[in-house]
Amino acid sequence: MRTATISRSTSETSIDVTVNLDGTGVYAVSTGIGFFDHMLEQLSRHSLIDLDVKTIGDLHIDQHHTVEDTGIAIGEAVAKALGDKRGIRRYGDALSPMDETLTRVALDISGRPYLVWKTEFSQKKLGEMDTEMFEHWFHSFAQAAGITLHVETLYGQNNHHIAEAAFKGLARALRTAVEIDPRKADAIPSTKGIL
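Residue indices begin from 1 for each chain and proceed along its sequence in written order. Side-chain atom pairs in this predicted model are given and counted only at pLDDT of 80 or more, local residue features only at pLDDT of at least 70, and totals for whole chains, interfaces and linings cover all residues. Heavy atoms throughout the structure, all of them, feed into the side-chain values; hydrogens and water do not.

### Some remarks on the overall build of the protein
Scanning the protein for helices and strands turns up four helices and 10 strands. Comment: elements are numbered from the N terminus, with helices defined as DSSP H or I runs of at least four residues and strands as E runs of at least two. Sequence-ordered secondary structure for the protein, helices as α and strands as β, is β-β-β-α-β-α-β-β-β-β-β-α-β-α. Radius of gyration means the value over C-alpha atoms here, while the globule rule gives 2.2 Å times the residue count to the 0.38 power. The C-alpha atoms of the protein give a radius of gyration of 16 Å, which matches the 16 Å a tight globule of 195 residues would have. By definition in these notes, contact holds between two residues if any of their heavy atoms fall within 4.5 Å. Considering only contacts in the protein between residues 6 or more positions apart, those separated by 24 or more positions represent 76%. Put simply, the protein shows about 9100 Å² of open surface, and 49% of that area lies on carbon and sulfur atoms. Once the 20 positive and 27 negative side-chain charges of the protein are each reduced to a mean point, those two points are 9 Å apart. Computed with a 1.4 Å probe, the accessible areas rest on the Shrake-Rupley method; for each residue, only the protein chains presented here act as cover. Counting rule for charge: Lys and Arg are taken as positive, Asp and Glu as negative, and neither His nor the chain ends is counted. Charged groups are reduced to one reference atom each: NZ for lysine, CZ for arginine, CG for aspartic acid, CD for glutamic acid.

### Topic: unusual backbone geometry
The phi dihedral of L48 is positive, around 65°, even though this residue is not glycine. Of note, L48 is situated in the loop between helix 1 (34-47) and strand 4 (50-57). Residues other than glycine seldom take positive phi values, yet K85 does so here, at roughly 70°. Within the secondary structure, K85 is located in the loop between helix 2 (64-82) and strand 5 (91-98).

### A short note on the packing of aromatic side chains
Planes of paired rings set the category: under 30 degrees apart is stacked, over 60 is edge-to-face and the rest tilted, where pairs are Phe, Tyr or Trp rings (Trp by its six-membered ring) whose centres lie within 6.5 Å. For the structure on display, the rule yields eight aromatic pairs. When the centroid spacing of 6.1 Å and the interplanar angle of 75° are considered together, the rings of F134 and F167 count as edge-to-face. Taken as a pair, F134 in helix 3 (residues 132-145) and F167 in helix 4 (residues 159-178) lie far apart in primary sequence, 33 residues in all. To sort residues, take the accessible area from a 1.4 Å probe on protein chains only and compare it with the maximum for the residue type: under 20% means buried, over 50% means exposed, and anything in between is partly exposed. F167 gets classed as buried once you look at its relative accessible area, which sits at 0%. Each residue in the set F35, W117, F121, F134, W137, F138, F141 and F167 is aromatic and connected to the rest through ring pairs, giving one cluster.

### Comments concerning the sheet that holds strand 4
With mixed pairing, the four strands of this open sheet are ordered in space as 1-2-4-3. On the outer flanks of this sheet lie strand 1 (3-9) and strand 3 (27-30), each paired with one strand and no other. Neighbouring strand axes in the sheet, compared pairwise and without regard to direction, differ in orientation by 5° on average. Relative to strand 2 (residues 13-20), strand 1 is paired through seven bridges, and the arrangement is antiparallel. Bridging across to strand 2, I6 finds its partner in V17. To define axes, lines are fitted to C-alpha atoms, for helices over the stretch in contact only, and angles between the resulting N-to-C directions are given on a 0 to 180 degree scale. Here helix 1 sits on the sheet and contacts strand 3 and strand 4; the angle it forms with strand 3, its principal contact strand, is near 160°. On the sheet, helix 2 packs against strand 1, strand 2 and strand 4 and is oriented at approximately 150° with respect to strand 1. Pairing between two strands requires that DSSP report at least two bridges joining them.

Written as structure tokens, this is what we have:
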């Protein structure tokens, strides 16, 4: 089983994350930010990665540390569970439609973290979550996981749909990329021999 647990504690947050890359999309998520919990639940359900997240953060200040550190912890857990990345498909992409919104997500589990974010929101908040924090979460996750990640909203108007399409697109792309390729289950998917 490709599983990992990360415990991350700072003066700003205390986080425990467990992932199972070969799961069924079972989740238990508690960050103190309802809409953020909803997005992480979508990530788990649609990637089939079991995800257990408990974050206690300094929300009396703002959401920045909670969202950023949760992204780091989940990314570190995914990277740890991947190990040497032997046998993975490595690449994944998805078109994620949600009503009037269409989002494209493409990723490479390359060991070279990078985020291209072409998504905008017309509201400052969704529920109690600051919409500027979505890009920050994707950046923190990509950096910690070592993933090259491109997220682009092709079109859309409803801010809830725009956010959810991004997380579901990431989930579907990640599901493909972390899967073991039965044709090359014993090989590192790189001509360099290492990722």
